[in-house]
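# Summary of the model geometry
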Amino acid sequence: MIQAYILLAISIVCEVIGTTMLPATKGFTVRRPTIIAVTAYVICFAAFGWCLMDLNLGIAWATWGAVGTIVTPIAGYFFYHQRLTKTGVLGLIMIVVSTVTLNLFG
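Our subject in this report is the structure included herewith. In this text the structure is predicted, and so the values were computed from the model without any measurement. (Residues numbered from 1 in each chain as written. Predicted model: local features only at pLDDT ≥ 70, side-chain atom pairs only at ≥ 80, totals over all residues. Heavy atoms only, no water.)

Moving on, we come to the overall build of the protein. Secondary structure summary: the protein contains 4 helices and 0 strands in total. By principal-axis analysis of the C-alpha atoms, the protein measures approximately 40 × 35 × 15 Å. Counting all 106 residues of the protein, 30% fall into the buried class. The long-range fraction of contacts in the protein, counting pairs at least 24 apart against all pairs at least 6 apart in sequence, stands at 62%. Approximately 7000 Å² of the protein is accessible, and the part contributed by carbon and sulfur atoms is 74%. (Helix = DSSP H or I, 4+ residues; strand = E, 2+ residues; numbered from the N terminus. Buried < 20%, exposed > 50% of the residue type's maximum accessible area, 1.4 Å probe, protein only. Contact = heavy atoms within 4.5 Å. Areas by Shrake-Rupley, 256 points an atom, 1.4 Å probe, with all protein chains shown as cover.)

In structure tokens form, the structure reads like this:
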């Protein structure tokens, strides 16, 4: 079970890397960010598929989606100087609470 959660974590990290690199690809016209994004997504989906051998699909997908949704705007803030509003932060906190609830009681 621990290995499944490690694979889920790898999947999430790669998804965030791939998504964070997308603006830098400039429509997949810049080679290095494009290679990084595509490689990150391939690893992401492979690791996610492997983690599903031991984890419930609904909980794994909700966790993957929620953590990616939470971390990606934070990465956008630091790497692309995008705004995070108070309302947006509140929404991210609500996602954290719902994801923790699902993992504990789902």
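The subject of this paragraph is unusual backbone geometry. Unusually for a residue other than glycine, Lys26 sits at a positive phi of about 50°. Inspection of the secondary structure puts Lys26 in the loop between α1 (2-25) and α2 (31-51).

Moving on: the nonpolar core. A general tendency of soluble globular proteins is for nonpolar side chains to be buried together. Counting residues in each nonpolar core, the largest one holds 14 residues, and the members touching the most others are Leu8, Ile12, Phe48, Cys51, Leu55, Ala60 and Trp64. Of all the elements in the fold, those that place two or more residues in this core are α1, α2 and α3 (57-80). Counting residues per element, this core draws most heavily on α1, which supplies 6 residues. Apart from residues lying up to four places away in sequence, Trp64 is in contact with Leu8, Ser11, Ile12, Glu15, Cys44, Phe45 and Phe48. (Core = buried A, V, L, I, M, F, W, Y, C linked by side-chain atoms within 4.5 Å.)

End to end, α1 covers 34 Å across 24 residues, agreeing with the expected 34 Å (1.5 Å per residue, within 8%). When α1 is considered as a whole, its buried residues turn out to be Ala4, Leu7, Leu8, Ser11, Ile12, Cys14, Glu15, Val16, Gly18, Thr20, Met21 and Thr25. Against the buried residues of α1 lie α2 and α3. (Expected span 1.5 Å × (residues − 1).)

Okay, the packing of aromatic side chains next. Enumeration according to the criterion identifies 6 aromatic pairs in this entry. Between the aromatic rings of Phe48 and Trp64, the centroid separation amounts to 5.7 Å while the plane-to-plane angle is 50°, which identifies the pairing as tilted. Within this pair, whereas Phe48 is found in helix α2, its partner Trp64 is found in helix α3, the two being separated by 16 residues in sequence. Take Phe48 and Trp64: they sit in the same class, and that class is buried. Aromatic side chains Trp61 and Trp64 sit 4.9 Å apart centroid to centroid with 40° between the ring planes, which places their arrangement in the tilted category. Placement of the pair is Trp61 and Trp64 together in helix α3, with a separation of 3 residues, close to one helical turn. Overall, Trp61 belongs to the partly exposed group, its relative accessible area being 45%. Three or more aromatic residues joined by ring pairs make a cluster, and in this case those are Tyr41, Phe45, Phe48, Trp61 and Trp64. (Phe/Tyr/Trp six-rings, centres within 6.5 Å; stacked < 30°, edge-to-face > 60°.)

Before going further, it helps to spend a moment on the side chain of Ser11. Note on placement: Ser11 falls in helix α1. At a separation of 2.8 Å, a polar atom in the side chain of Ser11 contacts the main-chain carbonyl oxygen of Cys44. (Polar contact = N/O pair within 3.5 Å; in protein donor to acceptor, adjacent residues only side chain to side chain.)

As a further point, take the packing of α1 against α2. Between α1 and α2, whose axes approach to 7 Å, the crossing angle comes to 155°. Here α1 lies roughly antiparallel to α2, going by the angle between them. Our pair here, α1 against α2, has a crossing hand that is left-handed. For the contact of α1 with α2, the per-class residue count stands at 20 nonpolar, 5 polar and 1 charged. (Axes fitted to C-alpha atoms, helices over the stretch in contact; angles between N-to-C directions. Parallel < 35°, antiparallel > 145°, perpendicular 65-115°, else oblique. Left-handed = near helix turned anticlockwise from the far one by under 90°. Nonpolar A, V, L, I, M, F, W, Y, C, P; charged D, E, K, R; others polar.)

The values are spatial; any link to function lies outside them.
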